[in-house]
Amino acid sequence: MNKIKLLGKTPAQLKEIALSCGLPSFAGQQIAQWLYKKKVRSISEMTNLSKAGREALSQGYEVGAIVPEEVFTSADGTRKYLFPVRCPVAAGHDEESVVEAVMIPDGDRATLCVSSQAGCKMGCKFCMTGRQGFHGNLSAADILSQFISIDESDQLTNAVFMGMGEPLDNFDAVMTVIQVLTADWGFAWSPKRITLSSIGVLPRLKEFLDGCKCHLAISLHNPFPDERESMMPVQKAFPLAKVLDLLRQYDFSGQRRVSFEYTMFSGFNDDKRHADALVRLLRGIPCRVNLIRFHKIPDFPYGTSPAPVMEMFRDRLDAAGITCTIRASRGEDIFAACGLLAGKHNEKDSI
Ligand code: SF4
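Being a predicted model, the structure only gives us computed values, none of them experimental.

**So, the site of the ligand**
Then step 1. Contacts to the ligand come from C120, M122, G123, C124, C127, G130, G165 and I199.
Then step 2. Looking at the shell around the ligand residue by residue, the class counts come to five nonpolar, three polar and no charged.

Okay, here's the thing in structure tokens:
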């Protein structure tokens, strides 16, 4: 019998579980402390619960933290962890996969790039994760494990939902994780330490914006609808113009920020026409644009734009009043950079 995972439960839910196991109601708070403050891996470590209570709890429940099966360290200090997961893909049918979490050190910051799904349904042509198809949604416990089970767990300062998968396509689990990360009874992080990246899954995007104060990054990549759709099928279902209309209803001039990710493909989306169209499109939204160097993948016609072209593009946006940066690439030697997350042990075999 599969045990129910405690990770991801709120103190109210843990109180009900405690009562059902013959523990006092305040044990719910105690269990939350063990899970989210002390980050224990097993119920037997919850030593302020009675022995009989721990045994009763262990009958049907487990902490649910998965441990990484492998870790790679880049020359620049970036560390990629591989987590084995079992995800439900159909009624009564689980699939085994491997997902990745990438820890990126930068001065006094340590950012965790988190995966929310095994593979992805969205099918962006330039993305290794998209190419492997969809292998299931991660549970809140699977996602929280990426925070808890890595060597740098206590040093983490920030998190970005930019790993494998489209986070808004696994909405409930991702919002549960955000609740645990930001609640006083959980990690007690400020929402300003968290950024969710999405290609713009519209109904869920509104729920995310209404449901928390975390930062948002939108994968934009091309200002022209037909060209964007040729790379990102989501454009057909959720056109970028509608995503931007929604964003215009929210305030991004204060604490909460929105940024736009723009991967530079040589000869596809990197000329002055694109830069000027992007400026027109983003008019009225206080934002930042991040230009991303593309990491070549097999059977894909474009390479990355040369540095002078990226600088021209950045300067054109800057001159129009849009803050634009060329994002430094991290962890490329261990295939941890943007678009290269494929959940394999060594993607060199497939590239
Ligand atoms: Fe999915 Fe993001 Fe890759 Fe698109 S870029 S296929 S949304 S993981």
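From this point, the discussion proceeds with the structure in view.
**Regarding the packing of aromatic side chains**
Then step 1. Across all of its chains, the model carries 12 aromatic pairs by this definition.
Then step 2. Seen from their ring centres, F147 and F187 are 6.2 Å apart, and the 85° between their planes marks the pair as edge-to-face. Here F147 is found in helix α5 (residues 140-148), whereas its partner F187 is found in the loop between α6 (171-182) and β10 (194-198), with 40 residues between them in sequence. Note on accessibility: F147 and F187 belong to one class, buried.
Then step 3. Between F268 and Y302, the aromatic rings sit 5.0 Å apart at their centres with planes inclined by 40°, giving tilted as the arrangement. One end of the pair, F268, is in the loop between β12 (258-264) and α11 (272-282); the other, Y302, is in the loop between β13 (288-293) and α12 (307-319), with 34 residues separating them in the sequence.
Then step 4. One aromatic cluster in this structure is built from F126, F265, F268, F294, F300 and Y302.
Then step 5. The lysine or arginine in question, K38, covers the ring of W34, its NZ or CZ lying 4.1 Å from the ring centre.
Then step 6. Between K39 and the ring centre of F187, over which it is positioned, the NZ or CZ distance is 4.9 Å.

**Side note on the packing of α11 against α12**
Then step 1. The geometry of α11 relative to α12 is characterised by a closest axis approach of 10 Å and an angle of 30° between their N-to-C directions. Comparing their axes, α12 and α11 come out roughly parallel. Of the two elements, α11 crosses α12, and the hand of that crossing is right-handed. Residue-level contacts link K272, H274, A275, D276, L278 and V279 of α11 to M312, F313, R316 and L317 of α12.

**Topic: the sheet that holds strand β11 (residues 215-219)**
Then step 1. If you walk across this open sheet you meet the 10 strands as β3-β4-β5-β6-β9-β10-β11-β12-β13-β14, and the pairing is mixed. Because the sheet does not close on itself, it has two edges, and the strands there are β3 (70-73) and β14 (323-327). Sheet twist, expressed as the mean angle between neighbouring strand axes with direction ignored, is 25°.
Then step 2. Sheet topology places strand β4 (residues 79-90) next to strand β5 (residues 93-106); 11 bridges connect them, and they run antiparallel. Residue pairing across strands places K80 opposite V102, the latter belonging to β5.
Then step 3. Of the strands in this sheet, β10 and β11 are in contact with helix α7 (residues 202-211), which crosses β11 at around 160°.

**Observations concerning the environment of Y61**
Then step 1. With respect to the helices and strands, Y61 occurs in strand β2 (residues 61-62).
Then step 2. Spatially, the C-alpha atoms of Y61 and N2 are 8.6 Å apart, while their sequence positions differ by 59 residues.
Then step 3. Ignoring any residue separated from it by four or fewer positions in sequence, one finds Y61 in contact with K3, I4, L6, I17, S20, C21 and I43.

**Remarks on the nonpolar core**
Then step 1. The biggest cluster of nonpolar side chains holds 106 residues, and the ones touching the most others in it are F147, F208, L247 and F260.
Then step 2. Here the element with the most residues in this core is α6; it accounts for eight residues.
Then step 3. Both of domain 1 (4-62) and domain 2 (70-350) provide at least three residues apiece to this core.

**Comments concerning the domain arrangement of the chain**
Then step 1. Taken domain by domain, the chain comprises domain 1 (4-62) and domain 2 (70-350).
Then step 2. Between the C-alpha centres of domain 1 and domain 2 there is a distance of 34 Å.
Then step 3. Both faces considered, domain 1 and domain 2 share a buried interface measuring about 1100 Å² in area, 63% of it formed by carbon and sulfur atoms.
Then step 4. Connecting domain 1 to domain 2 are two salt bridges.
Then step 5. Here K5 ties to D142 by a salt bridge, and the two come within 3.4 Å at their closest N and O atoms.
Then step 6. Taken together, the links from domain 1 to domain 2 amount to five residue pairs in polar contact (both at pLDDT 80 or more).

**Regarding the packing of helix α1 (residues 11-20) against helix α2 (residues 27-36)**
Then step 1. As a packed pair, α1 and α2 sit with axes 7 Å apart at the nearest point and diverge in direction by 120°. Our classification of the angle between α1 and α2 gives oblique. As for how α1 packs across α2, the hand of that crossing is right-handed. Facing P11, L14, K15 and A18 of α1, the residues of α2 in contact are A27, G28, Q29, I31, A32 and L35.
Then step 2. Split into classes, the residues belonging to the contact of α1 with α2 amount to seven nonpolar, two polar and one charged.

**Some thoughts on the pattern of salt bridges**
Then step 1. Inspection of the entire model under this criterion finds 17 salt bridges.
Then step 2. Measuring nitrogen to oxygen at the nearest pair gives 3.8 Å for the salt bridge that ties R86 to D94.
Then step 3. When its relative accessible area of 31% is taken as the criterion, D94 is described as partly exposed.
Then step 4. Residue E227 pairs with R273 through a salt bridge whose shortest N-O separation is 3.3 Å. In this pair, E227 sits in helix α8 (residues 225-231) while R273 sits in helix α11, placing the two residues 46 residues apart along the sequence.
Then step 5. In this structure E227 comes out as buried when scored by relative accessible area, which is 17%.

Basis of the calculations
- Residue numbers restart at each chain and count upward from 1, following the sequence in its written direction.
- A pLDDT threshold of at least 70 governs which residues receive local features in this predicted model, and a stricter bar of 80 or more applies before side-chain atom pairs are shown or counted, although totals over entire chains, interfaces and linings include all residues.
- Working from all heavy atoms in the structure, the side-chain values ignore hydrogens and water.
- If a single non-hydrogen atom of a residue is within 4 Å of a molecule or strand, that residue counts as near it.
- We call Asp, Glu, Lys and Arg charged. Ala, Val, Leu, Ile, Met, Phe, Trp, Tyr, Cys and Pro are nonpolar, and the rest, Gly among them, are polar.
- We call Phe, Tyr and Trp rings a pair once their centres come within 6.5 Å, taking the six-membered ring for Trp, and we label the pair stacked below 30 degrees between planes, edge-to-face above 60, and tilted otherwise.
- Here a helix means four or more residues in a row that DSSP labels H or I, a strand means two or more in a row labelled E, and each is numbered from the N terminus.
- Burial classification: accessible surface area is computed with a 1.4 Å probe over protein chains only, and a residue below 20% of its type maximum counts as buried, one above 50% as exposed, and the rest as partly exposed.
- When the NZ atom of lysine or the CZ atom of arginine is within 6 Å of a ring's centre and also within 35 degrees of its normal, the charge is said to sit over that ring.
- For every element, the axis is a line fit to its C-alpha atoms; helices are fit only across the contacting stretch, and the angle between N-to-C directions ranges from 0 to 180 degrees.
- Relative orientations are named as follows: roughly parallel for angles under 35 degrees, roughly antiparallel for angles over 145 degrees, roughly perpendicular for angles from 65 to 115 degrees, and oblique for any other angle.
- Definitions for this section: a left-handed crossing has its near helix turned counterclockwise from the far helix by less than a right angle. A right-handed crossing has that turn clockwise.
- By the convention used here, residues are in contact when the closest approach between their heavy atoms is within 4.5 Å.
- Two strands qualify as a pair provided that DSSP identifies no fewer than 2 bridges between them.
- Residues belong to a common nonpolar core when they are buried Ala, Val, Leu, Ile, Met, Phe, Trp, Tyr or Cys residues joined through side-chain atoms within 4.5 Å.
- These domain limits were set by an automatic method or by a database of domain assignments.
- Summed over both partners, buried area is the accessible surface (1.4 Å probe) that two parts give up on being assembled.
- Between Lys or Arg on one side and Asp or Glu on the other, a salt bridge is scored when a side-chain nitrogen of the former is within 4 Å of a carboxyl oxygen of the latter.
- Residues adjacent in sequence count toward polar contacts only when both atoms are side-chain atoms; beyond that, a polar contact is any pair of N or O atoms within 3.5 Å, and within protein one must be able to donate a hydrogen and the other to accept it.

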